[in-house]
Amino acid sequence: MISGLVQILLWQGLGELVSHFLLPIIPGPVLGLIFLLIFLLVRGHVNASLSLVSDAFSQHLGVLFIPAAVGVVLFLPQLRAHAWSVIAALLVSVVSTIAVTSLVLRFTAKKGAHDS
Amino acid sequence: MTPDGLKIAEIWVYLSGSPLFALILTLTAYQIGHVCYQRTDKYPLANPVAIAVLLVAICLYVVDMPYQTYFEGAQFVHFLLGTATVSLAVPIYRGISSLRSRLIPLLVALLCGGVVSIVSAVGVATLLGADAAIIGAFYPKSVTAPIAMGIAERLGVSPTLTAVFAIVTGILGAMLGSTILNLLGMKQWWQRGFAMGTAAHGIGTSRAFAVHPEAGTYASLAMGLHGILGALLIPLLKNYL
């Protein structure tokens, strides 16, 4: 458990450093994720301690964004004023995203099957 | 004030000044949300985070605590977001073996889906006259919340609005996904799952896993890839749109 956490923190640290000095447009943790992914691909397996920590995080990822999401109370007047446009935008966006992604997938997969 | 009242006031001053109150509040609210979610057989509207946010907000209102004071305590939970983001590499790595044979269709579909999610949300909101702060927060909203908030910070838009929009997007996707996919006559589980993960990140993924394991695997792959590509491409897209 501890060794998994240490690995993740080290990759996060490296990601933060690279983000700060070389690639300020990409968040440090995302760079850490990419580094760890490359590391896993090169090594070819995930050790038990790392998967324990990662599973714990992904099972309850939601709890970590509660503190920031509660900040929505500060935006209530603004959201109330634009409630309909926000709801419409989210609804249209989610429906069209699901539709387009699945249709593109069906089309390209079929084409690929014909080629091969 | 009576001596008793004074004592309670003293205890309250002590508690509300330490991070403990915010931490207990956050985790208890999540625990309640989690129980509701399990009891309702993982119904998307009973999303544990949405319930927890509502409970914490009501609680802060009742005890009259400003959000900033709450966040000072809860920032210890917030800090772990970055660490959790890095640990997403593990599920992506596990799903990547299923990517190899279908790399091109999956990447093309993901890019199309990602662009549509942004253009449609920003387009509709602009058309209906939403303000700039809200529109800005729409850009990363289809990406998994921890990464979306990182992107929001870099874009200079509110991570809070982004997180809230991401959660609502996930809930809507999980509720409507099956119906939309049925209407379109989608039959392959891997295609259905991938579309859910692209549009509705973690919440859509957990829905996909509940429907079919193959759909779930592809949904979590879509969520991970969308996170990485989103972090790389959304800042570029926003600058040029």
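Bear in mind that the values here come from a model prediction, so they are computed numbers and not experimental data. Residue numbering note: each chain is counted from 1, following its sequence as written. To read the labels, note that chains go from A and ligands from 1, taken in the order they are written. Two thresholds apply to this predicted model, a pLDDT of at least 70 for residue-level local features and 80 or more for giving and counting side-chain atom pairs, whereas whole-chain, interface and lining totals are computed over all residues.

### A closer look at the overall build of chain B
Scanning chain B for helices and strands turns up 11 helices and zero strands. N-terminal to C-terminal, the α/β element order of chain B is α-α-α-α-α-α-α-α-α-α-α. Counting only C-alpha atoms and orienting by the principal axes, one finds that chain B spans roughly 70 × 40 × 35 Å. Across the 241 residues of chain B, 50% fall into the buried class. Placing a C-beta atom from the backbone of each residue, one calls two residues in contact when those atoms lie within 7 Å. Within chain B, contacts between residues separated by at least 24 positions form 61% of all contacts whose residues are at least 6 apart in sequence. Every helix listed is a DSSP run of H or I at least four residues long, and every strand listed is a run of E at least two residues long, numbered separately from the N terminus. Partly exposed residues are those falling between the two cut-offs: more than 12 but fewer than 20 other C-beta atoms within 10 Å of their own, whereas 20 or more means buried and 12 or fewer means exposed, with C-beta atoms placed from the backbone.

### Quick word on the overall build of chain A
The helix and strand tally for chain A stands at seven helices and zero strands. Start at the N end of chain A and walk to the C end: the helices and strands fall as α-α-α-α-α-α-α. Since a compact globule built from 116 residues should have a radius of gyration of about 13 Å, the 20 Å found for chain A marks it as more spread out than a globular shape. In chain A, which comprises 116 residues, the share counted as buried stands at 41%. Radius of gyration: C-alpha atoms only; globule rule: 2.2 Å multiplied by the number of residues to the exponent 0.38.

### Quick word on the domain arrangement of chain B
Residues and elements named next belong to chain B. Domain ranges listed in this record stem from an automatic or a database domain assignment. The domain architecture assigned to chain B consists of domain 1 (3-87) and domain 2 (89-240). Taken together, the contact pairs 11 residues of domain 1 with 14 residues of domain 2. Among the secondary structure elements, those contributing two or more residues to the side of domain 1 that touches domain 2 are α3 (48-63) and α4 (67-87). Among the elements that take part in the side of domain 1 that touches domain 2, α4 stands out by supplying five residues, more than any other. Its residues placed into classes, the side of domain 1 that touches domain 2 shows seven nonpolar, three polar and one charged. Residue type decides the class: Asp, Glu, Lys and Arg count as charged, Ala, Val, Leu, Ile, Met, Phe, Trp, Tyr, Cys and Pro as nonpolar, and the leftover types, Gly among them, as polar.

### Points about the interface of chain B and chain A
Across the boundary between the two partners, chain B contributes 88 residues, which contact 67 residues of chain A. Across the side of chain B that touches chain A, the residue classes break down as 64 nonpolar, 20 polar and four charged.

### Thoughts on helix α8 (residues 145-155) of chain B
Of all the 11 residues making up α8 of chain B, eight are buried; the element is thus mostly covered by neighbouring parts of the structure. Downstream of α8 of chain B by a residue or two, Gly 156 of chain B has a phi angle that is positive, lying close to 75°.

### Some thoughts on the domain arrangement of chain A
By the assigned domains, chain A splits into domain 1 (1-64) and domain 2 (65-116). Here the C-alpha centroids of domain 1 of chain A and domain 2 of chain A sit 26 Å apart.

### Digging into the packing of helix α6 (residues 103-127) of chain B against helix α11 (residues 213-240) of chain B
Residues and elements named next belong to chain B. In this description, a line fitted to the C-alpha atoms serves as the axis of each element, helices being fitted only across the stretch in contact, and the angle between N-to-C directions of two axes falls anywhere from 0 to 180 degrees. Viewed as axis vectors pointing N to C, α6 and α11 meet at an angle of 55°, and their least axial separation amounts to 10 Å. With respect to α11, the axis of α6 lies oblique. Considering only the axes of α6 and α11, their crossing is right-handed. Residues Leu 110, Gly 114 and Ile 118 of α6 form the contact with α11, whose own contacting residues are Ala 222, Leu 225, His 226, Leu 229, Gly 230 and Leu 237. Looking at the contact of α6 with α11, its residues break down into six nonpolar, three polar and no charged. In what follows, roughly perpendicular refers to angles from 65 to 115 degrees, roughly parallel to angles under 35, roughly antiparallel to angles over 145, and oblique to any angle outside these ranges. Throughout, a crossing is termed right-handed when the near helix is turned clockwise from the far one, and left-handed when it is turned anticlockwise from it by less than a right angle.

### Side note on the packing of helix α10 (residues 189-211) of chain B against α11 of chain B
Residue and element names in this part refer to chain B. Relative orientation of the contacting elements α10 and α11 amounts to 75°, with a least axis distance of 6 Å. By the angle between their axes, α10 is roughly perpendicular relative to α11. Within the contact of α10 with α11, the residues separate by chemical class into 14 nonpolar, 11 polar and two charged.

### Quick look at unusual backbone geometry
Residue and element names in this part refer to chain B. Positioned with a positive phi, Asp 41 is a non-glycine residue whose angle comes to about 60°. In this structure, Asp 41 sits in the loop between α2 (19-39) and α3. Of note in this structure, Lys 42 is not a glycine but carries a positive phi near 60°.

### Details of the nonpolar core
In plain words, the nonpolar core is the set of buried Ala, Val, Leu, Ile, Met, Phe, Trp, Tyr and Cys residues that C-beta atoms within 7 Å link up. Membership of the largest hydrophobic core comes to 101 residues, with the highest contact counts inside it found for Phe 65, Ile 66 and Ala 69 of chain A together with Ala 125 and Ala 163 of chain B. The element contributing the most residues to this core is helix α9 (residues 159-183) of chain B, with 11 residues. Apart from residues lying up to four places away in sequence, Ala 69 of chain A is in contact with Val 49, Val 53, Thr 160, Ala 163, Val 164 and Ile 167 of chain B.

### Quick notes on the environment of Trp 12 of chain B
Structurally, Trp 12 of chain B is set in helix α1 (residues 3-17). Sequence separation between Trp 12 of chain B and Gly 224 of chain B is 212 residues; the distance between their C-alpha atoms is 43 Å.

### A closer look at the environment of Thr 198 of chain B
Considering the arrangement of structural elements, one finds Thr 198 of chain B in helix α10. Judged by C-beta crowding, with 35 C-beta atoms within 10 Å, Thr 198 of chain B ranks as buried. Thr 198 of chain B sits 24 residues away from Ala 222 of chain B along the chain, and the two C-alpha atoms are 5.2 Å apart. Dropping the residues within four chain positions of it, Thr 198 of chain B is found in contact with Thr 97 and Thr 101 of chain A together with Leu 110, Gly 113, Gly 114, Ala 222 and His 226 of chain B.

### A short note on the confidence of the model for chain B
Every residue carries a pLDDT, the predictor's confidence in it, which falls somewhere between 0 and 100. For chain B, mean pLDDT is 88; residues scoring 70 or higher make up 97% of the total. Taken together, the chains of this predicted complex give a pTM of 0.87 and an interface ipTM of 0.88.

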